[in-house]
Amino acid sequence: MEQIQQYSVLYVEDNPANLRLVEQILKRRKNIDMLSAETPDIGLELATEHAPDIILLDINLPGMDGFEVLKLLRASDRTAHIPVIAISANAMSEDIVKGKQAGFNSYLTKPLDLNKFFLTLDEILAVKVQ
């Protein structure tokens, strides 16, 4: 019997409703475990400790925005290689361009388009597996 590859996703999001929503969405995928953090500091700590396969990162966070968190992730040897997807309510085209230029692997807008969300996850995980 073929072993199914397990993946871990860390979602850094200060809104508990958004965390629960993504957790429910990811439960559709039996091979994805989700870690969550409601503050940037906890998110950075979990990323360093667990080295998840993907980090989902809200842009508008208290104390430190997603761009600052991304810089810190990229500056650390332990987390620099982890793909980071921005998930933000900032949905103007210039926001998306700014996110891509900052180094996010992808930039998804809220409310989440589920097909695009799963397609993005699958594309990034497929690249990691190769």
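Keep in mind that this is a model prediction, so the values were computed, not measured.

Asker: Just checking my understanding: could you explain the packing of helix α2 (residues 40-50) against helix α3 (residues 66-75) for this structure?
Answerer: The description of two packed helices rests on the angle between their axes and on the distance between the axes. The geometry of α2 relative to α3 is characterised by a closest axis approach of 11 Å and an angle of 25° between their N-to-C directions. One finds that α2 runs roughly parallel with respect to α3. The handedness of the crossing between α2 and α3 is right-handed. Of the residues in α3, those in contact with Pro40, Leu44 and Ala47 of α2 are Val69, Leu72 and Leu73. Counted by class, the contact of α2 with α3 contains six nonpolar, no polar and no charged residues.

Asker: Would you mind showing me how to read the sheet that holds strand β3 (residues 54-58) here?
Answerer: Whether parallel or antiparallel, the strands of a sheet pair through hydrogen bonds between backbone atoms. Spatially, the five strands line up as an open sheet ordered β2-β1-β3-β4-β5, and their pairing is parallel. On the outer flanks of this sheet lie β2 (32-37) and β5 (106-109), each paired with one strand and no other. Within the sheet, the average angular offset between the axes of one strand and its neighbour, ignoring direction, is 20°. Bridge count for strand β1 (residues 7-12) against β3 is four bridges, and the pairing is parallel. What sits directly across from valine 12, in β3, is leucine 57. With respect to the sheet, α3 is in contact with β3 and β4 (84-88), its orientation differing from that of β3 by roughly 150°.

Asker: Got a minute to help me understand helix α1 (residues 16-26) in this structure?
Answerer: Since there are 3.6 residues in each turn of an α-helix, residues three or four apart along the chain are aligned in direction. Residues Leu19, Val22, Ile25 and Leu26 constitute the buried set of α1. Summarising the axial view, the buried residues of α1 lie within an arc of 125°, below the 170-degree limit, and thus occupy one face. Two to three positions downstream of the cap, the backbone nitrogen of alanine 17 sits 2.8 Å from a side-chain oxygen, assigning the N-cap of α1 to asparagine 15.

Asker: Sorry, what's going on with the pattern of salt bridges here?
Answerer: Where charged atoms from two side chains of opposite charge come close, those side chains can pair. With the rule as written, the count across this model stands at three salt bridges. Across the pair glutamate 13 and lysine 110 runs a salt bridge whose closest N-O atoms are separated by 2.8 Å. Within this pair, whereas glutamate 13 is found in the loop between β1 and α1, its partner lysine 110 is found in the loop between β5 and α5 (114-129), the two being separated by 97 residues in sequence. According to the relative accessible area criterion, glutamate 13 is buried, its value standing at 1%. One salt-bridge network, in which partners are shared between bridges, spans Glu13, Asp58 and Lys110.

Asker: What am I meant to see in the packing of aromatic side chains here?
Answerer: Two aromatic rings are characterised by how far apart their centres lie and by the angle between their planes. Counted by the stated rule, this structure contains two aromatic pairs. Seen in terms of ring centroids, phenylalanine 67 and phenylalanine 104 are 5.7 Å apart; in terms of plane orientation they differ by 80°. Their pairing is edge-to-face. On the criterion of sequence distance, the pair formed by phenylalanine 67 in helix α3 and phenylalanine 104 in the loop between α4 (93-102) and β5 is long-range, its members being 37 residues apart. Classification of phenylalanine 67 as buried rests on a relative accessible area of 15%. Judged by its relative accessible area of 4%, phenylalanine 104 is buried. The cationic tip of lysine 98 hangs over the ring face of phenylalanine 67; the distance from NZ or CZ to the ring centre is 4.6 Å.

Definitions and cut-offs
Numbering of residues starts from 1 in every chain and runs along the sequence as written. Note on the predicted model: pLDDT of at least 70 is required for a residue's local features to be given, and 80 or more for side-chain atom pairs to be given and counted; whole-chain, interface and lining totals, by contrast, use all residues. Calculation of side-chain values draws on the structure's entire complement of heavy atoms; hydrogens and water are dropped beforehand. Orientation is described by lines fitted to C-alpha atoms, with helices fitted over the stretch in contact, and by angles between N-to-C directions that extend from 0 to 180 degrees. Counting from the N terminus, the helices are DSSP H or I runs at least four residues long and the strands are E runs at least two residues long. Here is the rule for angles: anything less than 35 degrees is roughly parallel, anything more than 145 is roughly antiparallel, 65 through 115 is roughly perpendicular, and the remaining ranges are oblique. When the near helix sits turned anticlockwise from the far one by under a right angle, the crossing is termed left-handed; a clockwise turn instead gives a right-handed crossing. Residues are treated as being in contact if the distance between any of their heavy atoms lies within 4.5 Å. Lys, Arg, Asp and Glu make up the charged group, whereas Ala, Val, Leu, Ile, Met, Phe, Trp, Tyr, Cys and Pro make up the nonpolar group; the residues left over, Gly among them, are polar. Two strands form a pair only when DSSP identifies at least two bridges running between them. Classification of residues uses two cut-offs on accessible area relative to the type maximum, computed with a 1.4 Å probe and protein chains only: under 20% is buried, over 50% is exposed, and between them is partly exposed. Arc definition: it is the arc formed by the directions from the helix axis to the C-beta atoms. For this analysis, a polar contact is any N or O atom pair within 3.5 Å, provided that within protein one partner can donate a hydrogen and the other can accept it, and provided that sequence-adjacent residues contribute only side-chain to side-chain pairs. Salt bridges are defined by distance alone: a side-chain nitrogen of Lys or Arg within 4 Å of a carboxyl oxygen of Asp or Glu. Aromatic rings from Phe, Tyr and Trp, taking only the six-membered ring of Trp, are treated as a pair when their centres fall within 6.5 Å; an angle between ring planes under 30 degrees marks them as stacked, one over 60 as edge-to-face, and anything in between as tilted. Note on geometry: a ring has a charge over it if NZ (lysine) or CZ (arginine) is within 6 Å of the ring centre and within 35 degrees of the ring normal.

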